[in-house]
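Here is what each chain is made of, one letter per residue.
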Amino acid sequence: MKLESYWTDSAPVYISPARELPAQVDVAIVGGGFTGLSAALALAKRGASVVVLEAGPHVAAEASGRNGGHVNNGLAVDYAEVAAKVGVERARAWYHAYDDAVDTVAQLVEQEQIACDFRRHGKLKLATRPSQMEALQRSAERLIADGVDLDVAVLDAAQVRAEVQSERFHGGLLYKRSAQMHMGRFAYGLALAAEKHGAVIHTGTEVSRLERIGDTRAHRVHTARGTILAKQVLLATGASLHGSYSTFGWLRRRIVPIGSFIVATAPLGAERAAALLAQQRTYTTVANIHHYFRMTPDHRLIFGGRARFAISSPQSDAASGEILRAGLMQTFPQLGKVDLDYCWGGLVDMTRDRLPQAGERDGLYYSMGYSGHGTQMSVHMGQCMAAAMSGDASANPWRERDWPAIPGHVGPPWFLPLIGMYYQLKDKLA
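The notes below deal with the structure included here. Values in this document were obtained by computation on a predicted structure and should not be read as measured data.

Examining the environment of M1
- Secondary-structure assignment places M1 in the segment before α1 (6–9).
- The class for M1 is partly exposed, based on a relative accessible area of 47%.
- Taking C-alpha positions, M1 is 8.2 Å from D339, a pair spaced 338 residues apart along the chain.

Put into structure tokens, the structure is as follows:
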């Protein structure tokens with residue numbers, strides 16, 4: 001079993017050629033994941049000189065290349081809860097931002113001719129308890145009543161069993177606009193598209209420090225390979241721990257890096273895969289510590305979840321893989337002792353309210369905090385932030401949101417085991 005991402009191991013990876021850093025650019029983007037690459041593409045198309053600085057050995061080395069392969073619409077939290085806190089109008093706009101995000105991915109795949117197996121088969125949210133099914137029904141009724149999503153549909157237990165070969169589920173809620181793709185191939189295609197339009201990408205280039213020039217948006221961007229003068233800077237770092245705390249500490253006190261872990265089976269064969277997941281959607285269970293799964297075009301089952309509340313590392317990934325194997329067997333016992341070819345983990349950039357944060361502070365632009373729903377929103381926000389940085393502040397759907405620091409969070413997240421125990425208790429009592 002390989003302890004690496006199936007997505008990056010089964011696709012070409014973009015590694016920049018040896019070249020000097022530019023002395024000056026219009027925009028420097030810190031982070032070569034989907035946010036950074038998407039923003040670079042959009043800004044370069046607008047005529048800006050753009051450099052992308054990625055600390056890792058290749059683009060999409062972190063969350064963008066280490067996720068479950070879902071491109072889902074719908075909020076990370078219940079729409080009704082959000083509406084109760086911020087009002088229907090704002091909650092509706094945020095929900096529709098995720099619809100727009102899936103559309104943005106689809107448009108870029110088509111416009112740039114990215115071969116990444118993009119398929120729009122929908123997402124099915126699955127209830128493992130009757131009480132969860134009741135909650136899903138209420139959620140669907142509220143989405144329809146508020147005119148937020150008229151395409152959602154409630155499926156009963158028999159309808160779910162007709163497409164998911166498992167006895168665990170009491171029904172589900174179908175989101176018809178959701179999609180899926182091969183993350184590694186998309187990342188490679190997006191990087192090539194950004195460079196084709198004029199952006200320059202530097203991998204293996206960690207930004208150590210940012211030095212603001214007066215009260216302007218201009219910064220000197222310091223790296224081990226040299227310094228760049230940038231008129232604007234976009235931070236697209238997610239939960240990355242690269243760079244100095246003095247520069248990036250404000251963000252790190254507001255994001256909790258939570259590990260999410262995934263396994264990929266050996267190929268099951270077309271017939272077996274079709275029997276297991278007949279509609280080939282993306283699937284996620286209703287729980288705080290939940291599972292999510294889908295099938296790949298080469299008929300592997302990708303199965304993930306919050307196996308452990310720990311930071312991803314080779315040892316942590318391996319331990320989590322065994323926990324996920326048990327969850328997979330509980331869900332699909334008919335697979336028997338199927339081989340697991342891949343096991344990997346990644347860091348989710350979780351915010352307190354599990355909604356993204358994007359804007360400008362002290363002359364720096366930022367977009368992150370996607371909280372496990374980032375594959376589509378990160379791509380979309382790259383486009384949105386490019387527009388905002390070009391003068392259209394209204395293009396940012398998450399503008400003007402308060403973002404207080406997380407109490408007690410001033411370094412490594414020592415409190416993750418406590419959070420895990422809390423959510424486990426909530427799931428047991430639900």
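A few points about the sheet that holds strand β12 (residues 256–265)
- Strands sit in the order β5-β6-β4-β13-β14-β15-β12-β16 across an open sheet of eight strands; the sheet is mixed. Bordering the open sheet on either side are β5 (153–156) and β16 (340–350), each of which pairs with just one other strand. Recorded for the sheet is a direction-independent mean angle of 20 degrees between the axes of neighbouring strands.
- Pairing geometry for strand β4 (residues 123–127) and strand β6 (residues 171–175), over five bridges, is antiparallel. The residue of β6 that forms the bridge with A127 is G171.
- Across the face of the sheet, helix α5 (residues 130–145) comes into contact with β4, β5 and β6 while running at roughly 30 degrees to β6.
- In the packing of helix α10 (residues 314–331) onto the sheet, the strands contacted are β12, β14 (291–295), β15 (301–305) and β16, and the crossing angle to β12 comes to about 60 degrees.

Re the packing of aromatic side chains
- Applying the stated criterion to the full structure yields 12 aromatic pairs.
- Through a chain of ring-to-ring contacts, three or more aromatic side chains come together here, namely Y283, F293, F303 and F332.
- Positioned above the aromatic ring of Y175, the side-chain terminus of K123 is 4.2 Å from the ring centre.
- The ring centre of W94 lies 5.3 Å from the NZ or CZ of R401, which sits over that ring.

As for the nonpolar core
- Ranked by size, the top nonpolar core spans 75 residues in total, and within it I29, F186 and W398 carry the most contacts.
- In terms of residue count, helix α4 (residues 88–111) provides more of this core than any other element does, 10 residues in total.
- In this view, W398 contacts W94, A97, Y98, L355, P356, A358, M377 and M381; residues no more than four positions away in its chain are not counted.
- L155, F293, F303 and L335 belong to the second-largest nonpolar core, a separate cluster that totals 25 residues.

A few points about the pairing of β6
- Along β6, five of the five residues are buried, which leaves the element largely enclosed by surrounding structure.
- Direction of pairing for β5 relative to β6: antiparallel, over a ladder of four bridges. Pairing of A153 across the sheet is with L174, part of β6.

Considering the state of the cysteines
- Taken as a whole and assessed by the stated rule, the structure comprises zero disulfides.
- Free of any disulfide, C116 has its nearest neighbouring cysteine sulfur in C384, separated by 19 Å.

As for the packing of α4 against helix α11 (residues 374–389)
- One can describe the packing of α4 onto α11 by two numbers: an axis separation of 8 Å at closest approach and a directional angle of 80 degrees. Classified by the angle their axes make, α4 and α11 are roughly perpendicular. Residue-level inspection shows A97, Y98, D100, A101, V102, T104, V105 and L108 of α4 in contact with α11, the latter providing T375, Q376, M377, V379, H380 and Q383.
- In terms of residue class, the contact of α4 with α11 is built from eight nonpolar, five polar and one charged.

A short note on empty space enclosed by the protein
- According to the stated counting rule, one finds one cavity of 30 Å³ or more in the structure shown.
- Here the largest cavity is characterised by a volume of approximately 40 Å³.
- Lining the largest cavity, in full, are T8, P12, V13, Y14, V59, A60, G184, A187 and Y188.
- In terms of residue class, the lining of the largest cavity is built from seven nonpolar, two polar and no charged.

Section: the side chain of R281
- With respect to the helices, strands and loops of the structure, R281 is situated in the loop between α9 (270–276) and β13 (282–285).
- You can call R281 buried: its relative accessible area is 13%.
- Only 2.9 Å separates the side chain of R281 from the backbone oxygen of H121, close enough to count as a polar contact.
- Setting aside anything within four residues of it in sequence, one finds R281 in contact with H121, G122, L124, E163, L174, Q180, F293 and R294.

Brief notes about the pattern of salt bridges
- Inspection of the entire model under this criterion finds 19 salt bridges.
- For D103, the salt bridge identified is with R120, shortest N-O distance 2.8 Å. Residue D103 is found in helix α4, and its partner R120 is found in the loop between α4 and β4; the two are separated by 17 residues along the sequence.
- For D103, a relative accessible area of 29% corresponds to the partly exposed category.
- In this structure R120 comes out as partly exposed when scored by relative accessible area, which is 34%.
- Here R220 ties to E211 by a salt bridge, and the two come within 3.6 Å at their closest N and O atoms.
- R220 gets classed as partly exposed once you look at its relative accessible area, which sits at 38%.
- Given a relative accessible area of 28%, E211 falls into the partly exposed group.

What counts, and where the lines are drawn
Residue numbers restart at each chain and count upward from 1, following the sequence in its written direction. Given that the model is predicted, a residue must reach a pLDDT of at least 70 before its local features are reported, and side-chain atom pairs must reach 80 or more before they are shown or counted; all residues, however, enter totals for whole chains, interfaces and linings. Think of the side-chain values as coming from all heavy atoms in the structure, minus any hydrogens and water. The helix count covers DSSP runs of H or I at least four residues long, the strand count covers runs of E at least two residues long, and both are numbered beginning at the N terminus. With a 1.4 Å probe rolled over the protein chains alone, any residue whose accessible area is under 20% of its type maximum counts as buried; one over 50% counts as exposed, and the rest are partly exposed. Only strands that DSSP links by at least two bridges are regarded as paired with each other. Lines fitted to C-alpha atoms define the axes here, with helix axes fitted over just the stretch in contact, and angles between the N-to-C directions of these axes take values from 0 to 180 degrees. Contact criterion: two residues are considered in contact whenever any of their non-hydrogen atoms come within 4.5 Å of each other. Note on ring pairs: Phe, Tyr and Trp rings are taken, using the six-membered ring of Trp, and paired if centres are within 6.5 Å. Classes follow the plane angle, with under 30 degrees stacked, over 60 edge-to-face and the rest tilted. Geometrically, a charge over a ring is one whose NZ (Lys) or CZ (Arg) sits within 6 Å of the ring centre while staying within 35 degrees of the ring normal. Buried Ala, Val, Leu, Ile, Met, Phe, Trp, Tyr and Cys residues that are joined via side-chain atoms within 4.5 Å together make up what is termed a nonpolar core. By disulfide we mean two sulfur atoms from cysteines, separated by a distance within 2.5 Å. The scheme is simple: roughly parallel for angles under 35 degrees, roughly antiparallel for over 145, roughly perpendicular for 65 to 115, oblique for anything else. Under the scheme applied, nonpolar residues are Ala, Val, Leu, Ile, Met, Phe, Trp, Tyr, Cys and Pro; charged residues are Asp, Glu, Lys and Arg; polar residues are all the others, including Gly. Here a cavity denotes grid points, spaced 1 Å and computed from the protein atoms alone, that fit a 1.4 Å probe unable to get out, and a pocket denotes an open set having protein on both sides within 12 Å along at least 5 of 7 lines; residues with an atom within 4 Å of a point are the lining. Grid points are joined across faces, edges and corners, and a volume is the space filled by probe spheres set on the points. We define a polar contact as two N or O atoms separated by no more than 3.5 Å, with the added condition that, inside protein, one atom must be a possible hydrogen donor and the other a possible acceptor, whereas residues neighbouring each other in sequence contribute only through side-chain atom pairs. The salt bridge definition used is simple: a Lys or Arg side-chain nitrogen within 4 Å of an Asp or Glu carboxyl oxygen.

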